[in-house]
Amino acid sequence: QPVPAECHLGGASRHARGYDSGWTRVRRQVLAEEPVCRYCLVAASTTVDHIKPKAEGGTDDRYNLAGCCKACQQAKAGREGARARTELRMVNACL
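Residues numbered from 1 in each chain as written. Predicted model: local features only at pLDDT ≥ 70, side-chain atom pairs only at ≥ 80, totals over all residues. Heavy atoms only, no water.

1. Focus on the overall build of the protein
Moving on, step 1. Within the protein one finds two helices and two strands.
Moving on, step 2. Listing the helices and strands of the protein from first to last along the sequence gives α-β-β-α.
Moving on, step 3. Of the contacts formed within the protein by residues at least 6 apart in sequence, a portion of 48% connects residues at least 24 apart. (Helix = DSSP H or I, 4+ residues; strand = E, 2+ residues; numbered from the N terminus. Contact = heavy atoms within 4.5 Å.)

Listed below in structure tokens is the structure:
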């Protein structure tokens, strides 16, 4: 079932999704403090991951951010997406 346009921000600008100059500053800090991926401990950190996703109430506070490699970030995002789809199916089944 399609996601309503008002709930889907994927096509929105960085600023509309909350990634402004403050985010850029925090992102640089995280990557400087964690040069190696926190999850696999092998690859270089190239992206910053929200440990608790923003969609689940996570924040941009430093304690909720982890430096990680692209492969680990994509794997985590895939797991979170699958979990969200399962939860949505369960909610729809109860309606």
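There is more to say, and it comes next.
2. Here we look at unusual backbone geometry
Moving on, step 1. If you check the backbone angles, Leu 41 has positive phi at about 60 degrees while not being a glycine.
Moving on, step 2. Among the structural elements, Leu 41 can be located in the loop between helix H1 (21–33) and strand S1 (47–50).
Moving on, step 3. Since its relative accessible area comes to 65%, Leu 41 is described here as exposed. (Buried < 20%, exposed > 50% of the residue type's maximum accessible area, 1.4 Å probe, protein only.)

3. What about the pattern of salt bridges?
Moving on, step 1. Taken as a whole, this structure holds five salt bridges when the rule is applied.
Moving on, step 2. In this structure, the salt-bridge partner of Glu 33 is Arg 62, at a minimum N-O distance of 2.9 Å. Taken together, the residues Glu 33 in helix H1 and Arg 62 in the loop between S1 and strand S2 (65–68) connect sequence positions 29 residues apart.
Moving on, step 3. Residue Glu 33 is classed as partly exposed on the basis of its relative accessible area of 46%.
Moving on, step 4. The exposure class of Arg 62 is partly exposed, given its relative accessible area of 25%.
Moving on, step 5. Its salt-bridge partner being Glu 34, residue Arg 38 comes within 2.7 Å of it at the nearest N-O pair.
Moving on, step 6. Taking relative accessible area as the criterion, Arg 38 reaches 36% and is therefore assigned partly exposed.
Moving on, step 7. Glu 34 sits in the buried class, given a relative accessible area of 11%. (Salt bridge = Lys/Arg side-chain N within 4 Å of Asp/Glu carboxyl O.)

Any link to function would need more than the numbers given here.
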